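# An overview of the molecular structure
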Amino acid sequence: RQVPLSVGVVEGDVLKCGYHGWAYDCSGKCVDVPYFGMEKLPNGVRSYPAREIDGLIFVFPGDPALADAAAPASLGSAANPGYKTRKLNREVACHYTFM
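Residues numbered from 1 in each chain as written. Predicted model: local features only at pLDDT ≥ 70, side-chain atom pairs only at ≥ 80, totals over all residues. Heavy atoms only, no water.

### Quick notes on the overall build of the protein chain
Here is the rule we go by: To qualify as a helix, a DSSP run of H or I must reach at least 4 residues; to qualify as a strand, a run of E must reach at least 2; elements of each kind are numbered from the N terminus. What the globule rule says is 2.2 Å times the number of residues to the power 0.38, and the radius of gyration is computed from C-alpha atoms. Exposure classes here rest on a 1.4 Å probe applied to the protein chains alone. A residue is buried below 20% of its type maximum, exposed above 50%, and partly exposed in between. Working rule for contacts: check all heavy atoms of both residues, and any pair within 4.5 Å makes them a contact. Here Asp and Glu are counted as negative and Lys and Arg as positive; His is not counted, and neither are the chain ends. For the purpose of locating charges, the reference atoms are NZ of Lys, CZ of Arg, CG of Asp and CD of Glu.
What the protein chain contains, in helices and strands, is one helix and six strands. Reading the protein chain from its N end, one meets helices and strands in the order β-β-β-β-β-β-α. Against the compact-globule benchmark of 13 Å for 99 residues, the protein chain has a radius of gyration of 17 Å, which places it well outside the compact range. When the backbone C-alpha atoms are referred to their principal axes, the protein chain occupies close to 55 × 30 × 30 Å. Residues classed as buried in the protein chain amount to 9% of the 99 residues present. Look at the contacts in the protein chain between residues 6 or more apart in sequence, and 4% of them connect residues 24 or more apart. Looking at charge distribution, the protein chain has the averaged site of its 10 positive side-chain charges lying 9 Å from that of its 10 negative ones.

### Structural notes on the layout of surface pockets
Basically, it comes down to this: A cavity, in this analysis, means grid points on a 1 Å lattice covering only the protein atoms where a 1.4 Å probe fits yet has no way out; a pocket is instead an open set bounded by protein on both sides within 12 Å along at least five of seven lines, and a residue lines either one if it has an atom within 4 Å of a point. Grid points are joined across faces, edges and corners, and a volume is the space filled by probe spheres set on the points. Note on residue classes: Ala, Val, Leu, Ile, Met, Phe, Trp, Tyr, Cys and Pro are nonpolar, Asp, Glu, Lys and Arg are charged, and everything else, Gly too, is polar.
Of the pockets and cavities examined, the largest pocket occupies roughly 320 Å³. Taken together, 14 residues make up the lining of the largest pocket; nearest its centre are Leu-15, Tyr-24, Asp-25, Cys-26 and Ser-47. In the lining of the largest pocket, the residues fall into eight nonpolar, three polar and three charged.

### Let's talk about the environment of Leu-56
Inspection of the secondary structure assignment puts Leu-56 in strand S6 (residues 56-59). In sequence terms Leu-56 and Leu-75 are 19 residues apart; their C-alpha atoms lie 9.5 Å from each other. With residues near it in sequence (within four places) discarded, Leu-56 still touches Arg-51 and Leu-75.

### Side note on the pattern of salt bridges
Put simply, the test is: We define a salt bridge as a contact between a side-chain nitrogen of Lys or Arg and a carboxyl oxygen of Asp or Glu at a distance within 4 Å.
Tallying each qualifying case throughout the model produces two salt bridges. The salt bridge partner of Glu-11 is Lys-16, with a shortest N-O separation of 3.6 Å. Classification of Glu-11 by relative accessible area gives partly exposed; the value is 44%. With relative accessibility at 26%, the residue Lys-16 sits in the partly exposed group. The partner of Asp-68 in a salt bridge is Arg-51, and the shortest N-O contact between them spans 2.5 Å. Note that Asp-68 is positioned in helix H1 (residues 67-70) and Arg-51 in strand S5 (residues 50-53), a separation of 17 residues in sequence. Here Arg-51 falls in the partly exposed class, since its relative accessible area comes to 35%.

### Some remarks on the pairing of S6
Put simply, the rule reads: In short, DSSP must find at least two bridges between two strands for them to pair.
Note: S5 against S6, four bridges, orientation antiparallel. For Ile-53, the partnering residue across the bridge sits in S6 and is Leu-56. Adjacent in sequence and paired antiparallel, S5 and S6 are bridged by two residues, among which Asp-54 carries a positive phi angle near 50°.

### Structural notes on the sheet that holds strand S4 (residues 30-32)
The four strands lie next to each other as S1-S2-S3-S4, forming an open sheet whose pairing is antiparallel. In the strand order of this sheet, the two ends are held by strand S1 (9-11) and S4, each with one partner.

Here you go:
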């Protein structure tokens, strides 16, 4: 039905779809489908390493083993009072690799 998973609910370490109620753990494994039963669960979804740095969420879509080395320690200027930090929410109709 094209309902984004972002409108779902987080319960502990589980993300639950707001439309169908499918639930996924932090590894992407499907852990519950209310109308299927535990013996018929689908495989799940791909998960990506993510971390919050200075109020922003960084997702690493590459090799998970390289995620820690690629993450910035800090954004630097976000904590510096000499800079103004502006945050905006913008949706762009393109593949993430173009951003």
